[in-house]
Every structure is written in structure tokens, then in C-alpha cells.
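# Close look at the chain arrangement
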Amino acid sequence: MIVRRLVWIALALFFVSFLLPAYGVNGALVIGQVTAELTGYECALHVLAMAIDFEHDEDRLYFAAFILSNLLMLTVPFLLIVRYRDRPTPVPLLIIQLLLLLHVASWWFRSLDEWWMIRSGYYVWLVPMIFMLAASLTQRRLQLYTK
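Throughout this description, residue numbers start from 1 for each chain and increase along the sequence as written. A pLDDT threshold of at least 70 governs which residues receive local features in this predicted model, and a stricter bar of 80 or more applies before side-chain atom pairs are shown or counted, although totals over entire chains, interfaces and linings include all residues. In computing side-chain properties, one takes all heavy atoms of the structure into account and sets aside hydrogens as well as water.

A few words now on the pattern of salt bridges. Salt bridges are defined as contacts in which a side-chain nitrogen from Lys or Arg sits within 4 Å of a carboxyl oxygen from Asp or Glu. Evaluation of the coordinates by the stated rule reveals 1 salt bridge. As a salt-bridge pair, Asp86 and Arg85 come within 3.9 Å of each other at their nearest N and O atoms.

Next up, the structure:
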């Protein structure tokens, strides 16, 4: 029951994060250019464009991992509720979740010089990934130690 609750809370927060401002400054003058806040959805589209764009070769893999994080957030709930309902969560899935969670958290460290541009949507996007990892770990613990 706790696993399902964590999964549904994580999914709700994940979808809400796409509606919130995630990065940027609302109408502020930044290095001579007026910028606007990007919602989580707009950031996801921007990251997708950067991952595909060959002009950003050095950052392509970094931004592509954000796409993987979003896809994982859409597939793990299905896996936990349907596929691994009666089985422990596999260790490789836990490792992948942890690595992608650390990658998403790395954006904050990478943007320390522009920390003020990271908006609430980023944090609301990070929290569901923590909840989903907690749900996966709880599922594994419940299946291994309650039988």
C-alpha cells in the first residue's frame, strides 16, 4: 500500500512540475537579453532539442540523460505496480534510478553560478524522483523480507 501511495504522489508531483516555472528569470535583464521563465515542459522540449542538436556536442550526453530521467519516471510506476507487484525490484533498476537521480541533482551543482535562475519547478521535478526511488527500495524490502 505504501508503495502505491508513493508512486501516485510521485507521478502527481512529476506532472505538476511540468506546469511550474523551472528555469529562467521573469522579465529580468540578463547579459543584455530579456529572458522569460521556462516551465518544466518548455525545459523538457529545450533539452530534447539540445540533445538532438549537433552544435552542442560536448553537452549532448548530459542533456540526453535528462530525457532518460523523464522516461524512467513514466515507466517505473508501471513496473512497480504491475510487473514487480509480487517480486522484488531488480538491483539494476535501482542502480539506474539512483544514477539518474544523481544526474538530475547535478543540474543544481552545475548551475551554482546561476542558482537564482533555478525555479520551483526544478525542485518539484527532483522530489518525485526521490519518492520513486524510495518506492522501489520499499518494494524490494517488502518482497525480500516479508515472505
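This brings us to the packing of helix H1 (residues 2-17) against helix H5 (residues 120-145). Helix axes use the C-alpha atoms of the stretch in contact, all axes being lines fitted to C-alpha atoms, and the angles between their N-to-C directions lie in the range 0 to 180 degrees. Secondary structure is summarised from DSSP: a helix means a run of H or I of at least four residues, a strand means a run of E of at least two, and numbering begins at the N terminus for each. For the pair H1 and H5, the least separation of the axes is 8 Å and the interaxial angle reads 160 degrees. Of the possible angle classes, the one that applies to H1 and H5 is roughly antiparallel. Between H1 and H5 lies a crossing of left-handed hand. For the pair H1 and H5, contact is made by Ile2, Val3, Leu6, Val7, Ile9, Ala10, Leu13, Phe14 and Ser17 and by Gly121, Val124, Trp125, Val127, Pro128, Phe131, Met132, Ala134, Ala135, Thr138, Gln139 and Leu142, respectively. Reported orientations rely on four angle classes, namely roughly parallel under 35 degrees, roughly antiparallel over 145, roughly perpendicular from 65 to 115, and oblique for the rest. Here is the rule for handedness: rotate from the far helix to the near one, and if that takes an anticlockwise turn smaller than a right angle the crossing is left-handed, while a clockwise turn gives right-handed. Residue contacts are defined here by distance: any two heavy atoms, one from each residue, within 4.5 Å place the two residues in contact.

By this rule the span expected of a helix is its residue count minus one, scaled by 1.5 Å. Under the 1.5 Å per step criterion, the end-to-end length of helix H4 (residues 91-110) is 28 Å for 20 residues, consistent within 8% with the ideal 28 Å. Throughout, exposure labels follow a simple rule: accessible area from a 1.4 Å probe, protein chains only, divided by the maximum for the residue type, with under 20% read as buried, over 50% as exposed, and the rest as partly exposed. Leu93, Leu94, Gln97, Leu100, Leu101, His103, Val104 and Trp107 are the residues of H4 that are buried. Of the surrounding elements, those touching the buried residues of H4 are strand S1 (21-23), helix H3 (60-83) and H5.

Here we come to a nonpolar patch on the surface. A surface patch of nonpolar side chains, about 440 Å² in accessible area, is lined by Val91, Ile95, Leu98, Leu99 and Leu102. Note that Ile95 resides in helix H4. Residue classification places Ile95 among the partly exposed positions, given a relative accessible area of 45%. Note on patches: the residues involved have over 30% relative accessible area and no salt bridge, like charges join within 9 Å, and the nonpolar side chains Val, Leu, Ile, Met, Phe, Trp and Tyr join within 5 Å. Only the protein chains shown count as cover for residues, and all accessible areas are computed by the Shrake-Rupley method using a 1.4 Å probe.

Further remarks concern helix H2 (residues 40-52). The end-to-end C-alpha separation of H2 is 18 Å, in line with the 18 Å expected for 13 residues at 1.5 Å each. Three or more residues of H2 are buried, namely Gly40, Cys43, Val47, Met50 and Ala51. Buried residues of H2, seen end-on, are gathered within an arc of 100 degrees and therefore sit on one face of the element. The inward-facing, buried residues of H2 abut H1, S1, strand S4 (38-39) and H3. It is the directions from the helix axis to the C-beta atoms whose arc is reported.

Mapping Thr138 onto the fold places it in helix H5. Those residues in contact with Thr138 that lie beyond four places of it in its chain are Ile2, Val3 and Leu6.

At a closest axis distance of 10 Å, the pairing of H4 and H5 adopts a crossing angle of 160 degrees. Between H4 and H5, the angle falls in the class roughly antiparallel. Classified by chirality, the crossing of H5 by H4 is left-handed. Between H4, through Val91, Leu94, Gln97, Leu98, Leu101, Val104, Ala105, Trp107 and Trp108, and H5, the contact on the second element is made entirely by Tyr122, Tyr123, Trp125, Leu126, Met129, Ile130, Met132, Leu133, Ser136, Leu137 and Arg140. Here the term charged refers only to Asp, Glu, Lys and Arg, the term nonpolar to Ala, Val, Leu, Ile, Met, Phe, Trp, Tyr, Cys and Pro, and the term polar to all other amino acids, Gly among them. Taken together, the residues of the contact of H4 with H5 break down into 17 nonpolar, 2 polar and 1 charged.

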